[in-house]
Amino acid sequence: MAKVRLILADDNNSLRQQLAEYFSMREEFEVVGLAADGVEAFELLKSANADAMLLDVIMPHMDGFAVLQKWNELKDRPNTQIILLTALGRDDFIARAMELGGAYYIVKPFDMEASAQRILDICKKQAAQPQVRHEAPPSANAVSSEEQLANLFLSIGIPAHIKGYGYLREAVRLVLDQPEIINRITKELYPGIARRFGTTPSKVERAMRHAIEVAWSRGRLENINQIFGYRVFEADDKPTNGEFIALIADKLRLGKSA
């Protein structure tokens, strides 16, 4: 795969330079533009022919959502994958980012290496797909697995700013790619996620457990049962990590085949 051409847009000068230095040192990336506000970001999107952009949500002159909205209004535009950055892990922000076509959503502070790998994964997946431009908004069936997964977690009530959110998302992605790995959750799944995020398998397990408990404490049980179309759980019936991951993966898999 050729180098990923990357735009970095953040009004925090220190963070923008840190990102530029980090990605410039990675041989997989080429930093093709830096923007300190939304207007600069939008102009770079139009002219730099980038593969991906890291776009801060809160910026002067034009916020990240406005940039995405104006980008969607353009008829002839490069196929740039836009990853939103923000310090606010609010459910409504995440939902808005997904509605506007954001490819991913990263909550600050974040792990540079894990974020770089996610950008590579997104661009690699995009490069493997036929490049067909939709002038009309895509149908529900065209929504990507990443968007479906974000929407599921949003509906269930798992907040994006806690570590377990990222670990559970990664677990579901792994199970979608390798369904049999769910049967080796302690020997392969937890250790694999731990290596990706630079932590330990036991911390991955505990963070996932905490995320599920947070969802249950938010009283979104009816949302969960509605998502699956039947009563999966009762109020005092929290699933194990493995059961939860398997259910979400099955839901996404069935959605693809529907």
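The coordinates are above.
Attention now goes to the pairing of strand β2 (residues 29-35). Inspection of the sheet shows strand β1 (residues 4-9) paired to β2 by six bridges, in the parallel sense. Each bridged residue has a counterpart across the sheet, and for Arg5 the counterpart in β2 is Glu30. For the segment spanning β1, helix α1 (residues 13-25) and β2, crossover handedness is right-handed.

Our next topic: the packing of aromatic side chains. Two numbers describe a pair of aromatic rings. These are the distance of the centres and the angle of the planes. In the structure shown here, the tally under the stated rule is three aromatic pairs. Both rings, one in Phe23 and one in Phe29, keep their centres 4.9 Å apart while their planes meet at 75°; by these two values the pair is edge-to-face. Note on accessibility: Phe23 and Phe29 belong to one class, buried. Taken together, a centroid distance of 5.1 Å and an interplanar angle of 70° make the contact between Tyr167 and Phe197 edge-to-face. Here Tyr167, found in helix α7 (residues 163-177), pairs with Phe197, found in helix α8 (residues 185-197); they are 30 residues apart in sequence, far enough to count as distant.

What follows concerns the sheet that holds β2. Strand order in the open sheet made by the five strands is β2-β1-β3-β4-β5, with parallel pairing throughout. The outermost strands of the open sheet, each flanked by one partner alone, are β2 and β5 (104-107). The mean inter-strand angle of the sheet, taken between neighbouring strand axes irrespective of direction, is 20°. Of the pairings in the sheet, the one linking strand β3 (residues 52-56) to strand β4 (residues 81-86) comprises five bridges and is parallel in character. From the neighbouring strand, Leu55 faces β4, where its bridge partner is Leu84. Against the sheet, α1 contacts β1, β2, β3 and β4, and its axis sits at roughly 165° relative to β2. Here helix α2 (residues 38-47) sits on the sheet and contacts β1, β2, β3 and β4; the angle it forms with β2, its principal contact strand, is near 140°.

Attention now moves to helix α3 (residues 64-73). Along α3, the positions that sit buried rather than exposed are Gly64, Phe65, Val67, Leu68 and Trp71. Along α3, the residues classed as buried sweep out an arc of 160° about the axis, all on the same side.

This part takes up the side chain of Asp37. Relative to the helices and strands, Asp37 is located in the loop between β2 and α2. Buried charged residue Asp37 carries no salt bridge. Nearest counter-charge: Arg16, at 8.6 Å. Not counting the four nearest positions on each side in its chain, Asp37 is found in contact with Met59, Pro60 and His61.

With that settled, the discussion passes to α8. The set of residues buried in α8 consists of Ile185, Leu189, Tyr190, Pro191, Ile193 and Ala194. One or two steps after α8, the chain reaches Gly198, where phi turns positive at roughly 70°.

Next up on the list: the pairing of β1. Of all six residues in β1, five are buried; the element is thus mostly enclosed. Sheet topology note: the β1/β3 ladder contains four bridges and is parallel. What sits directly across from Leu8, in β3, is Leu54.

Parameters at a glance
Residues numbered from 1 in each chain as written. Predicted model: local features only at pLDDT ≥ 70, side-chain atom pairs only at ≥ 80, totals over all residues. Heavy atoms only, no water. Pairing = 2+ DSSP bridges. Helix = DSSP H or I, 4+ residues; strand = E, 2+ residues; numbered from the N terminus. Right-handed = clockwise from strand over helix to strand, strands pointing away. Phe/Tyr/Trp six-rings, centres within 6.5 Å; stacked < 30°, edge-to-face > 60°. Buried < 20%, exposed > 50% of the residue type's maximum accessible area, 1.4 Å probe, protein only. Axes fitted to C-alpha atoms, helices over the stretch in contact; angles between N-to-C directions. Contact = heavy atoms within 4.5 Å. Arc of directions from axis to C-beta. Lys, Arg positive; Asp, Glu negative; His and termini not counted. Salt bridge = Lys/Arg side-chain N within 4 Å of Asp/Glu carboxyl O.

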